[in-house]
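Architecture and fold: a report
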Amino acid sequence: MLNAEQKVFYQDNGYVLVPALLDKSEAASLRAEMHAIAQSEGHSDATWDSVRNSGTAITHCHDVHFRSAMVTRLLSDPRLTSVAQDLIGPNVQLHHNKMFIKPPAKGSPFPMHQDYPYFPHRDHSMIAVILHLDDAPEEKGCLCVYPGTHKLGPLPAFGNDHHVSTTTYPIAQATPVPAKAGDAVFFHYLTVHGSGQNLSDEARTTLLIQLRDPADVPLSDRHASRGQGMMLAGIDPTAGSFKFAWEEKP
Ligand SMILES: O=C(O)CCC(=O)C(=O)O
């Protein structure tokens with residue numbers, strides 16, 4: 001759970017770093033699992049359109065709980081869900097999750113953006129948590145944010161990757177949020193964020209989980225994922241009468 005100071009910090013800034021949410025050995029086990037998944041998957045590059053063709057790459061995989069039981073257990077871990085409850089209320093629902101491995105030296109940056117255009121919701125309840133599975137100092141391309149931008153509402157977004165204005169929100173002026181293995185950064189989906197290139201000699205390995213209040217309403221059909229709608233804390237007060245999955249419309 002967050003303390004009072006952390007709650008106020010989040011309300012003011014739209015993000016909060018929670019040190020040591022996982023202990024070092026859990027982070028190391030998860031890191032090994034993410035790298036094993038990447039190894040068995042082969043090449044999969046998630047570099048965004050607006051920063052493509054500069055020789056960088058980033059390995060990714062979505063719906064990681066369909067590949068790793070450790071991740072399944074983590075999704076409803078009270079250390080994670082209790083913080084999410086502090087931020088969005090008692091009921092916490094899975095939207096999607098993904099892992100990213102930014103390889104050494106050439107790990108792709110993430111252009112500055114809000115997550116809103118990818119999966120807009122009526123009440124803006126959506127948050128993300130990035131779990132750091134190894135140290136992420138600035139030179140590794142740690143998360144960078146523009147504090148307070150969650151209060152601005154949806155901003156103009158550009159290109160296929162929905163980045164915000166690079167002149168108004170240059171990554172060089174953003175606030176870096178360096179982290180240690182086991183730390184977690186929670187942030188609002190309207191907070192302008194991104195990250196730089198990994199210039200270090202070690203991979204940056206993260207698991208990102210996107211969470212929402214089940215009573216919030218998606219404004220578009222985009223961004224389906226496996227397991228979307230699973231309850232991770234509390235209940236879904238909007239769930240209607242019971243139906244078998246095979247009776248529901250596709
Ligand atoms: O991992 C990062 O540095 C940022 C990831 C991100 O912003 C995203 O997937 O929307």
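Overview of the structure. For clarity, every value in this text was computed on a predicted model and none was experimentally measured. (Residues numbered from 1 in each chain as written. Predicted model: local features only at pLDDT ≥ 70, side-chain atom pairs only at ≥ 80, totals over all residues. Heavy atoms only, no water.)

Some thoughts on the overall build of the chain
Within the chain, the regular secondary structure consists of four helices and 11 strands. With respect to the three principal axes, the spread of C-alpha positions in the chain is 50 × 40 × 40 Å. When each of the 250 residues of the chain is scored for burial, the buried share is 52%. Here the contacts in the chain between residues at least 6 apart in sequence split such that 87% fall between residues at least 24 apart. Placing the 20 positive and 27 negative side-chain charges of the chain at their respective mean positions leaves the two points 3 Å apart. (Helix = DSSP H or I, 4+ residues; strand = E, 2+ residues; numbered from the N terminus. Buried < 20%, exposed > 50% of the residue type's maximum accessible area, 1.4 Å probe, protein only. Contact = heavy atoms within 4.5 Å. Lys, Arg positive; Asp, Glu negative; His and termini not counted. Charge placed at Lys NZ, Arg CZ, Asp CG, Glu CD.)

Side note on the site of the ligand
Near the ligand, the surroundings consist of Lys98, Phe100, Phe110, His113, Asp115, His193, Ser195, Arg204 and Leu208. Interatomic distance of 3.0 Å between a side-chain N/O atom of histidine 193 and an oxygen atom of the ligand. The contact in question runs from an oxygen atom of the ligand to an N or O atom on the side chain of arginine 204, over 2.7 Å. Taken by itself the ligand offers 290 Å² of open surface, and the protein chains cover 97% of this. Taken together, the elements giving at least two residues each to the shell around the ligand come down to strand 3 (92-102), strand 4 (110-113), strand 9 (192-195) and strand 10 (204-212). Residues belonging to the shell around the ligand are distributed by class as follows: three nonpolar, three polar and three charged. (Near = heavy atom within 4 Å. Polar contact = N/O pair within 3.5 Å; in protein donor to acceptor, adjacent residues only side chain to side chain. Areas by Shrake-Rupley, 256 points an atom, 1.4 Å probe, with all protein chains shown as cover. Nonpolar A, V, L, I, M, F, W, Y, C, P; charged D, E, K, R; others polar.)

Examining unusual backbone geometry
Positive phi values are uncommon outside glycine, yet asparagine 53 reaches one of about 70°. In this structure, asparagine 53 sits in the loop between helix 2 (24-41) and strand 2 (59-62).

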